Amino acid sequence: MFVSYIVSGFFSIGFVMILHWVFGLSIDLSFIFLIGIAAIFYVFLFRMSRSVWLGLMVKSKEDKEQA
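In what follows, the accompanying structure is described. As the structure is a computational prediction, the values presented were derived from the model and not from experiment. (Residues numbered from 1 in each chain as written. Predicted model: local features only at pLDDT ≥ 70, side-chain atom pairs only at ≥ 80, totals over all residues. Heavy atoms only, no water.)

1. Examining the side chain of Ser30
Mapped onto the elements of the fold, Ser30 is located in helix H2 (residues 27-40). What makes Ser30 buried here is its relative accessible area of 0%. Contact partners of Ser30, with chain neighbours within four places excluded, come to Phe15, Val16, Leu19, His20 and Leu25. (Helix = DSSP H or I, 4+ residues; strand = E, 2+ residues; numbered from the N terminus. Buried < 20%, exposed > 50% of the residue type's maximum accessible area, 1.4 Å probe, protein only. Contact = heavy atoms within 4.5 Å.)

2. Quick look at the packing of aromatic side chains
As enumerated under the stated definition, the model contains two aromatic pairs in all. Judged by centre distance (6.3 Å) and plane angle (20 degrees), the ring pair of Tyr42 and Phe46 falls under stacked. One end of the pair is Tyr42 and the other is Phe46, both in helix H3 (residues 42-57) and four residues apart, which spans about a single turn. For Phe46, a relative accessible area of 39% translates into the label partly exposed. (Phe/Tyr/Trp six-rings, centres within 6.5 Å; stacked < 30°, edge-to-face > 60°.)

3. Remarks on a nonpolar patch on the surface
Together, Ile40, Phe41, Phe44, Met48, Val52, Trp53, Leu54, Leu56, Met57 and Val58 make up an exposed nonpolar region whose accessible area comes to about 1000 Å². The element contributing the most residues to the nonpolar patch is H3, with seven residues. Structurally, Phe41 can be placed in the loop between H2 and H3. (Patch = residues over 30% accessible without salt bridge, like charges linked within 9 Å, V, L, I, M, F, W, Y side chains within 5 Å. Areas by Shrake-Rupley, 256 points an atom, 1.4 Å probe, with all protein chains shown as cover. Salt bridge = Lys/Arg side-chain N within 4 Å of Asp/Glu carboxyl O.)

4. Topic: the environment of Met1
Within the secondary structure layout, Met1 lies in the segment before helix H1 (2-22). The class of Met1 is exposed, set by a relative accessible area of 81%. Taking the C-alpha atoms as reference points, Met1 and Ser60, separated by 59 residues in sequence, lie 21 Å from one another.

As structure tokens, then:
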């Protein structure tokens, strides 16, 4: 959950900044686009974050044999 929060937070900030500063959209319109993109990619982001968390916290058999 923490990894998902961090990844989605940085993505959200970057996405809104790019839309606002580079493309010149208003903040309101940038957040509307963000909500649409976040709704579409929610499942992908959740699974990717869970994979990162498992990679950081769970040791595989190879890691246990090397230790």
